[in-house]
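A look at the structure
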Amino acid sequence: MKVTETKIKGVLIIDPDVHGDHRGYFMETYSKKKYQELGIDVEFVQDNMSFSAQKGTLRGLHWQNAPMAQSKLVSCTRGAVIDVAVDIRKGSPTYGEWVSVELSEENKRQFFIPQGFAHGFLTLTDNVEFRYKVDNFYSKEHDRGIRYDDPTANVDWGSLLNGIEPVLSEKDKNGPTLDKADCNFIYEGENK
């Protein structure tokens, strides 16, 4: 398994070992022991899946506030996406910065996003299946988000969309900006 650290400490790109032959392939999508050795020592409690029918669907940027905050291990099992994590921990040296990675059924990559980050993705193909492992249960009461085009984060969706109008929910289109969002994450030093 290959792990790539991003410019934001704690946000990791994971390339699992894929064993293939003329029949297809086999891979471990998660092994608690192996991920603990990588420093991902969270207890995943829920698996989620979303489907996006149309290329250009943009979901995000979302998180859950503490005490129901979620770390996420995400992957794309059908189609392709650009996945984005934005540091929303107040006082962090990388506050408002973002990192992205292409996840697809071909590259089989995973993206680990710790608590304290907003998350979103843009579909690059039609018919995308996207999977999440999370370390806390869904809580509507703690569910939060910001506009996809938040000026602090300044995610470069435009170049990714190549002139296509994004397919957005009302929540993602009309959410608050980061400076006005209800976000209770405080940076407490380097991630462990």
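The structure reproduced in this document is the subject of the present report. (Residues numbered from 1 in each chain as written. Predicted model: local features only at pLDDT ≥ 70, side-chain atom pairs only at ≥ 80, totals over all residues. Heavy atoms only, no water.)

1. Regarding the overall build of the protein
Spelled out, the test is: Each helix corresponds to a stretch of at least 4 residues labelled H or I by DSSP, and each strand to a stretch of at least 2 residues labelled E; elements are numbered beginning at the N terminus. In what follows, a contact means two residues having at least one pair of non-hydrogen atoms within 4.5 Å. This count recognises Lys and Arg as positive and Asp and Glu as negative, with His and chain-terminal groups excluded. The location of each charge is read from NZ of Lys, CZ of Arg, CG of Asp or CD of Glu.
In terms of helices and strands, the protein carries 3 helices and 13 strands. Considering only C-alpha atoms, the protein reaches an extent of 55 × 40 × 30 Å along its principal axes. Excluding contacts between residues fewer than 6 apart, the proportion of contacts in the protein whose partners are at least 24 apart in sequence is 81%. Treating the 24 positive side-chain charges of the protein as one cloud and the 30 negative ones as another, the clouds have centres 2 Å apart.

2. Some remarks on the sheet that holds strand 13 (residues 143-145)
As a reminder of what qualifies: A pair of strands counts as paired when DSSP detects no fewer than two bridges linking them. The axes are straight lines fitted to the C-alpha atoms, using for helices just the contacting stretch, and the angles between their N-to-C directions are given from 0 to 180°.
Taking strand neighbours across the sheet as the criterion, the 5 strands line up as 9-8-11-6-13 in an open arrangement whose pairing is antiparallel. Two strands close off the open sheet at either side, each with one partner strand: strand 9 (98-104) and strand 13. Between one strand axis and the next, the sheet turns through 30° on average, direction left out of account. Where strand 8 (residues 80-87) lies against strand 9, 7 bridges are found, and the strand directions are antiparallel. The residue of strand 9 that forms the bridge with V86 is W98.

3. Details of the pattern of salt bridges
Keep this limit in mind: Note on definitions: salt bridges are taken to be side-chain nitrogens of Lys or Arg within 4 Å of carboxyl oxygens of Asp or Glu. Summary of the burial criterion: residues with accessible area below 20% of their type's maximum are buried, those above 50% are exposed, and those between are partly exposed, where the area comes from a 1.4 Å probe applied to protein chains only.
Summed over the entire model, instances satisfying the criterion amount to 12 salt bridges. Its salt-bridge partner being E28, residue K34 comes within 3.1 Å of it at the nearest N-O pair. Across the pair K133 and D47 runs a salt bridge, and its minimum N-O distance is 3.0 Å. Taken together, the positions of K133 in strand 12 (residues 128-134) and D47 in strand 5 (residues 46-52) put the pair 86 residues apart, joining distant regions of the chain. What makes D47 exposed here is its relative accessible area of 55%.

4. Remarks on the sheet that holds strand 2 (residues 12-15)
Taken together, the 6 strands give an open sheet; going across it, the order is 1-2-10-7-12-5, and neighbouring strands pair in antiparallel fashion. Two strands bound the open sheet, and with one partner strand each, they are strand 1 (2-5) and strand 5. The average angle at which neighbouring strand axes cross in this sheet is 20°, direction not considered. Strand direction decides the pairing type here: strand 5 and strand 12, joined by 7 bridges, are antiparallel. When the sheet's bridge partners are listed, F51 is paired in strand 12 with E129.

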